[in-house]
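Each chain is listed here by its residues.
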Amino acid sequence: MKHLITATALTLLAMGSGHALAQSLAAPLKATPASAYPVAPAPGLYQAFGEQAGIRALMDDFVIRLKADARIGEQFKDTQLDNLAKQLTDQVCQLAGGPCVYKGPDMKEAHAEMDVTRSHFNALVEVLQLSMDARGIPFTRQNQLLALLAPKHRDVVNTR
Amino acid sequence: MNHPMNHLTETRRRQAPSTTLLALAATAALLAAAPAQADTGKLLLTGGVSTVEGAAGGGISPWAVIGSQATEGEKGVSAYLSRAETRDHGLTAAGVAVGFNDRLELSFGHQDFDTGITGTLLGLPGLHLKQDILGAKLRVAGDAVLESDSLMPQIAVGVQAKRLRSSGLDGTLDALGAQRDGVDLYVSATKLFLAQGVVVNGTLRATKANQNGLLGFGARLGGADNGYQLMPELSVAYLLSKNVAVGFEYRAMTNKLQRAGAAAGLGDGLRADDWKDIFIAWAPSKNVSLTAAYVDLGRIVPATTGNRKQTGVYLSAQIAF
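Position numbers for residues count from 1 along each chain, tracking the sequence in the order it is written. Here the convention is simple: chains get letters from A, ligands get numbers from 1, in the order in which they are written. Under the rules for a predicted model, residues below a pLDDT of 70 receive no local features and side-chain atom pairs below 80 are neither given nor counted, while totals for whole chains, interfaces and linings still include all residues. Excluding hydrogens and water, the side-chain values take into account all heavy atoms of the structure.

Q: I keep staring at the environment of leucine 145 of chain A and nothing clicks. Help me out?
A: Residue and element names in this part refer to chain A. Only DSSP runs of H or I reaching four residues or more are called helices, and only runs of E reaching two or more are called strands; each is numbered from the N terminus. Within the secondary structure, leucine 145 sits in helix H7 (residues 139-149). Only protein chains enter the accessibility calculation, which uses a 1.4 Å probe; a residue is then buried when its area is under 20% of its type maximum, exposed when over 50%, and partly exposed in between. Owing to a relative accessible area of 0%, leucine 145 belongs among the buried residues under this scheme. In this structure, leucine 145 is in contact with Leu45, Phe49, Val92 and Met132, ignoring residues within four places of it in sequence. Contacts are assigned to residue pairs with any non-hydrogen atoms lying within 4.5 Å of each other.

Below, the structure is given as structure tokens:
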């Protein structure tokens, strides 16, 4: 039985570690203390999103969809969409390996005034997927970006 | 090895499309046509599909995910109808699962196994074996989907209480020393490797069930091993798009009846093999998923089936809210 567990663990590790290793060699990135599996941007991710201009276009589309969304649009009713798109662009540009530096508030602070549940977070992911579809971003690239964004649920989701 | 299509053709030749399959197709068409409910909840396919035992997971193996569309702070329900047709047998499975707070899942599943030629050769033509399964699953740690910077999987523990209804096979099961009810215990670990679009689940199940309980639980005749055994199960799925996944599953099965069968003069006529499948799952909307699979359930009462492997097709429809 022990070797079965070991085998399962090894399978899990094998599926993830090759990629993680390649990533951590390519781009040493700060990992949160909790992270045993730091995710660095996949090679070419920033370019796949059309660099800064492409990311800005994606975010301009995204913020409009966000505000129009029946589930979470209400949360953005007083938000300056242009400013939100700029902040998101800086953040995603940096996460994706681009030359930007995000200088806005951290995610916990930015959402402190809102009640964000897990299902709100999932809805936001779905809206982002729609925007990425509309921009013609390939599914595999979408997932590489989502993998960088998903851990932010720890700071964004504040209502259980 | 025979080509899958041969089995399909044979199945069609052997019997007209069953009413179950027609009902399944009609239900699926109806559900797919219904407007998708604008709602919060889980991301597509991250609640898994319904197993033949009622728990959320793959098709033959439970995963650590909690069924239904409900995420934290929500309650949800899912229902499924599934049909497998192999060379000599058929299985219809239906049931419901309720998810609470993405933490606890309660499920009920019913299985109806058409023994086909096996029943006929046992002198029980038309024999159907029917089993009810009550399940509970508790997520104890982790998050399969959003913790993409961690290798920690979502982990759940589960229990399945199974009861095989009384049938013409009761006397045979008694003679072999097999019970008609049993309890499976399992632990599952599920991880979505988001950047790679790969879902992996490993399950370890403690069970005495013969063919998942459809041939009873344990066996005593001839000194057969009547105790619990730990059986591993593995599922791997690859996301082709937001709403389509392909993959394979492997479920190790107990083989307790072989020795009892030998003691009854049947040689290897009651041996069992591991179950395997390759599948494609499609979620046309948040509330509907359809799964098709090619299954290989190995030998099932090979004394009556010319030692044939029970390969065939599996179709499943699930609605979830």
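Q: How should I be thinking about the environment of glycine 222 of chain B in this particular structure?
A: Residues and elements named next belong to chain B. Tracing the backbone shows glycine 222 in the loop between strand E9 (198-207) and strand E10 (229-241). Taking the C-alpha atoms as reference, glycine 222 lies 49 Å from serine 150; in sequence the two are 72 residues apart. Contacts of glycine 222, omitting those with residues within four sequence positions, involve Arg259 and Ala263.

Q: What am I meant to see in unusual backbone geometry here?
A: Phi is mostly negative for residues that are not glycine, and the peptide bonds are mostly trans. All names here are of chain B. Not every positive phi belongs to a glycine, and leucine 45 is a case in point at roughly 65°. Among the structural elements, leucine 45 can be located in the loop between helix H2 (19-33) and strand E1 (49-50). Positive phi is not limited to glycine here, since aspartate 102 has a value of about 55°. Within the fold, aspartate 102 resides in the loop between strand E4 (90-100) and strand E5 (104-114). Taking relative accessible area as the criterion, aspartate 102 reaches 10% and is therefore assigned buried.

Q: I would appreciate a short explanation of a nonpolar patch on the surface in the present structure.
A: All names here are of chain B. Judged by side-chain polarity, Leu104, Leu106, Leu138, Val140, Val157 and Val187 come together as a nonpolar surface patch covering roughly 410 Å² of accessible area. Mapped onto the nonpolar patch, the elements with two or more residues apiece are E5 and strand E6 (128-141). Looking at where leucine 138 falls in the secondary structure, it is placed in strand E6. Surface patches are drawn from residues lacking salt bridges whose relative accessible area is over 30%; two like charges belong together within 9 Å, two nonpolar side chains (Val, Leu, Ile, Met, Phe, Trp, Tyr) within 5 Å. The method behind every accessible area is Shrake-Rupley, applied with a 1.4 Å probe, and residues are considered shielded solely by the protein chains displayed. The term salt bridge refers to a pairing of a side-chain nitrogen on Lys or Arg with a carboxyl oxygen on Asp or Glu at a separation within 4 Å.

Q: Would you mind showing me how to read the sheet that holds E9 of chain B here?
A: Backbone-to-backbone hydrogen bonds join strands into a sheet, with any given pair of strands oriented parallel or antiparallel. All names here are of chain B. Two strands pair under a simple rule: DSSP has to find at least two bridges between them. If you walk around this closed barrel you meet the twelve strands as E3-E4-E5-E6-E7-E8-E9-E10-E11-E12-E13-E14, and the pairing is antiparallel. Strand-to-strand, the axes of this sheet are offset by a mean angle of 20°, without reference to chain direction. Bridge count for strand E3 (residues 75-86) against strand E14 (residues 311-320) is nine bridges, and the pairing is antiparallel. Its bridge partner lying in E14, serine 78 is registered against alanine 320. Interaxial angles span 0 to 180 degrees and are taken between N-to-C directions of axes, which are lines fitted to C-alpha atoms, for helices over the stretch in contact.

Q: In this structure, what is going on with the pairing of E4 of chain B? I would like to understand it.
A: Residues in a regular strand project their side chains so that they alternate between the two faces of the sheet. Residue and element names in this part refer to chain B. With eleven bridges connecting them, E3 and E4 associate as antiparallel partners. Within E4, the position partnered with arginine 83 by the bridge is threonine 92. Hairpin connection, E3 to E4: the antiparallel pair is bridged by three residues. Examined bridge by bridge, E4 and E5 share eleven bridges and lie antiparallel to one another. Within E5, the position partnered with threonine 92 by the bridge is aspartate 112. In textbook terms, the turn of a hairpin is the stretch between consecutive antiparallel strands, and for E4 and E5 this stretch comprises three residues, one of which, asparagine 101, has a positive phi near 60°.

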